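# Overview (structure and organization)
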Amino acid sequence: MNKLIPLFTLILFFNCNSSAQKQKEEASKIYKVSKTESEWKAELSEMEYYVLREAGTERAFSSHLNKNYSEGTYHCAACNTPLFKSKHKFDSGTGWPSFDREIKGNVAFSTDNDLGYTRTEAHCATCGGHLGHVFNDGPKNTTGKRHCINGVALKFVADN
């Protein structure tokens, strides 16, 4: 019985930080580009909607943008906001496009505890679309950050 009390306490601790609370906070934020869920569903593919609007994750190594080394800018697939420059992209080996920095002001950050530990979530500052997460294991010779981004959340625009 004494062993069950710490277990129940631990379960209660993780359940108190529910995704419903997080969704309520995010839903209350007003973005420059705001649409109803049915409008987003009509404009985005099923996978884009899953990642951008439901904070899903695409399968590793599934995005053609992971190995894209062309010069240009990566935009939000939902609202076309420029998010990342190709000169800040690097191959992290994780299977997702990775960048050491964002275009300042165009990517916003929040805290994500969905897996039972704290991560920094990256989302589009214009429409609120979920992009991925930021980790502190990026290139040490630049920012030390790894913006691990779902390729389906991005649209690449090549430089002319």
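Here's what I pulled together on the structure shown here. (Residues numbered from 1 in each chain as written. Predicted model: local features only at pLDDT ≥ 70, side-chain atom pairs only at ≥ 80, totals over all residues. Heavy atoms only, no water.)

## Section: the packing of aromatic side chains
A complete count under the given rule lists three aromatic pairs for this structure. Their ring planes at 55° and their centres at 4.8 Å tell us that tyrosine 74 and phenylalanine 156 sit as a pair that is tilted. Of the two residues, tyrosine 74 is situated in strand E1 (residues 72–76) and phenylalanine 156 in strand E9 (residues 154–158); the sequence distance between them amounts to 82 residues. Residues phenylalanine 84 and phenylalanine 99 carry aromatic rings whose centres are separated by 4.4 Å and whose planes lie at 15° to one another, so their mutual orientation is stacked. On the criterion of sequence distance, the pair formed by phenylalanine 84 in strand E2 (residues 82–85) and phenylalanine 99 in strand E4 (residues 98–99) is long-range, its members being 15 residues apart. By relative accessible area, phenylalanine 84 is classed as buried at 0%. In textbook terms, an aromatic cluster arises when at least three aromatic residues are bridged by ring pairs, as seen for Tyr74, Phe84, Phe99 and Phe156. Across from the ring centre of tryptophan 40, 5.0 Å away, lies the NZ or CZ of lysine 35, which sits over that ring. A cation over an aromatic ring shows up here: lysine 89 above the ring of tyrosine 69, its NZ or CZ 5.2 Å from the ring centre. (Phe/Tyr/Trp six-rings, centres within 6.5 Å; stacked < 30°, edge-to-face > 60°. Helix = DSSP H or I, 4+ residues; strand = E, 2+ residues; numbered from the N terminus. Buried < 20%, exposed > 50% of the residue type's maximum accessible area, 1.4 Å probe, protein only. Lys NZ or Arg CZ within 6 Å of the ring centre and 35° of its normal.)

## Description of the nonpolar core
Counting residues in each nonpolar core, the largest one holds 23 residues, and the members touching the most others are Cys76, Leu83, Phe84, Leu131 and Leu154. Counting residues per element, the ones that place at least two in this core are helix H4 (46–54), E1, E2, strand E6 (119–124) and strand E7 (130–135). The greatest single-element share of this core, amounting to three residues, is contributed by H4. Excluding anything up to four places from it in sequence, leucine 83 contacts Tyr74, His75, Cys76, Glu102, Ile103, Asn106, Val107, Cys124, Leu131 and Leu154. (Core = buried A, V, L, I, M, F, W, Y, C linked by side-chain atoms within 4.5 Å. Contact = heavy atoms within 4.5 Å.)

Keep in mind that these numbers describe shape and distance, not what the molecule does.
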